Amino acid sequence: MLDAGLTQKKVAQDLNVSISSVKRWSSLYKKSSSLVTKPRSGRPPILSRVDKILISKSLSKCRQSTRKLAQRLKNRGNPISHMCVYRHLTESVGLRSFKRQEIPRLSQKNIQDRLSFARKHQNWTVNDWEKVLWSDESPFRLFATPNKQNNRVWAKDKHDVPSVFQ
């Protein structure tokens, strides 16, 4: 179109693009007689097709954190970071990270004690409750997770995330 004598502004209007695009295409055509861009250099992708399939299948079988998935790939000989797994899951698979809801583990005795306490005090008035001194408990765990971030799981919706007992 430019060879036919049209101005860059007129070509841009006819093609419904910006003038800068027409200028870029024009200079590219003058340099290489083609509008095909050359392949660009860059870092090759770290995740192979097999790695991506492994991540997706591992996620569907047992819900794991990105750190655990990255460790599994490292054990297979592919040095990969948990952030690489994170990017793949968010951008390619469309998942989000959720923290698992912790549910207290109650024994049958705990349940019975709580129920008897509630029944015993259900008719107390506000004045009765004002005389009670409440204190905080210090929770401790015998089998705690070393890193709470490892309890994060991947799902499309928070309702798909299973709870974990304390």
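Residues numbered from 1 in each chain as written. Predicted model: local features only at pLDDT ≥ 70, side-chain atom pairs only at ≥ 80, totals over all residues. Heavy atoms only, no water.

A. Representation of the packing of aromatic side chains within the structure. Applying the stated criterion across every chain yields a total of 3 aromatic pairs. Note on Trp124 and Trp129: the rings are 4.8 Å apart at their centroids and 50 degrees apart in plane angle, and the pair reads as tilted. Owing to a relative accessible area of 35%, Trp124 belongs among the partly exposed residues under this scheme. Among the aromatic residues, those joined into a cluster by ring pairs are Phe117, Trp124, Trp129 and Trp134. (Phe/Tyr/Trp six-rings, centres within 6.5 Å; stacked < 30°, edge-to-face > 60°. Buried < 20%, exposed > 50% of the residue type's maximum accessible area, 1.4 Å probe, protein only.)

B. Here's a closer look at the environment of Phe98. By the secondary structure assignment, Phe98 is in strand S1 (residues 96–99). Placed 57 residues apart in sequence, Phe98 and Ala155 show a C-alpha to C-alpha distance of 7.2 Å. (Helix = DSSP H or I, 4+ residues; strand = E, 2+ residues; numbered from the N terminus.)

C. Region of the structure containing the nonpolar core. Counting residues in each nonpolar core, the largest one holds 12 residues, listed as Leu47, Ile55, Leu59, Leu69, Ala70, Leu73, Ile80, Cys84, Val85, Leu89, Leu95 and Trp154. Residue contacts for Ile80: discarding those within four places in its chain leaves Ile46, Leu47, Ala70, Leu73 and Lys74. (Core = buried A, V, L, I, M, F, W, Y, C linked by side-chain atoms within 4.5 Å. Contact = heavy atoms within 4.5 Å.)

D. A look at the pattern of salt bridges. Summed over all chains, the structure comprises 3 salt bridges. A salt bridge links Asp14 to Lys10; its shortest N-O distance comes to 3.2 Å. A residue pair is termed a helical-turn pair when its members lie 3 or 4 positions apart in one helix, as Asp14 and Lys10 do in helix H1 (residues 8–15) at 4 residues. The class for Lys10 is partly exposed, based on a relative accessible area of 38%. Residues Arg76 and Asp51 are paired through a salt bridge, measuring 3.4 Å at the closest nitrogen-oxygen approach. Linking Arg76 in the loop between helix H4 (66–75) and helix H5 (82–93) with Asp51 in helix H3 (residues 49–61), this pair joins segments that are 25 residues apart in sequence. (Salt bridge = Lys/Arg side-chain N within 4 Å of Asp/Glu carboxyl O.)

E. Summary view of a nonpolar patch on the surface. Taken together, the side chains of Leu15, Trp25, Tyr29 and Leu35 make up a nonpolar region of the molecular surface, amounting to roughly 400 Å² of accessible area. One can find Leu35 in the loop between helix H2 (19–32) and H3. (Patch = residues over 30% accessible without salt bridge, like charges linked within 9 Å, V, L, I, M, F, W, Y side chains within 5 Å. Areas by Shrake-Rupley, 256 points an atom, 1.4 Å probe, with all protein chains shown as cover.)

F. Region of interest: the packing of H1 against H2. At their nearest, the axes of H1 and H2 sit 8 Å apart, and the two run at 110 degrees to each other. One way to sum up the angle between H1 and H2 is to call them roughly perpendicular. In terms of crossing hand, the pair formed by H1 and H2 is right-handed. Residues Gln8, Lys9, Val11, Ala12 and Leu15 of H1 lie in contact with H2, whose contacting residues are Ile19, Val22, Lys23, Trp25 and Ser26. In terms of residue class, the contact of H1 with H2 is built from 6 nonpolar, 2 polar and 2 charged. (Axes fitted to C-alpha atoms, helices over the stretch in contact; angles between N-to-C directions. Parallel < 35°, antiparallel > 145°, perpendicular 65-115°, else oblique. Left-handed = near helix turned anticlockwise from the far one by under 90°. Nonpolar A, V, L, I, M, F, W, Y, C, P; charged D, E, K, R; others polar.)

G. A look at the packing of H4 against H5. It is at 8 Å that the axes of H4 and H5 come closest, and there the two elements cross at 115 degrees. Here H4 lies roughly perpendicular to H5, going by the angle between them. Taken as a pair, H4 and H5 cross one another with a handedness that is right-handed. Across the interface between the two elements, Thr66, Arg67, Leu69, Ala70 and Leu73 from H4 touch His82, Val85, Tyr86 and Leu89 from H5. Grouping the amino acids of the contact of H4 with H5 by side-chain chemistry returns 6 nonpolar, 2 polar and 1 charged.

H. How the structure looks around unusual backbone geometry. In the Ramachandran plot, Asn16 falls in the positive-phi region, its phi being about 60 degrees despite a non-glycine side chain. Relative to the helices and strands, Asn16 resides in the loop between H1 and H2. Exposure remark for Asn16: the relative accessible area of 71% places this residue in the exposed category.

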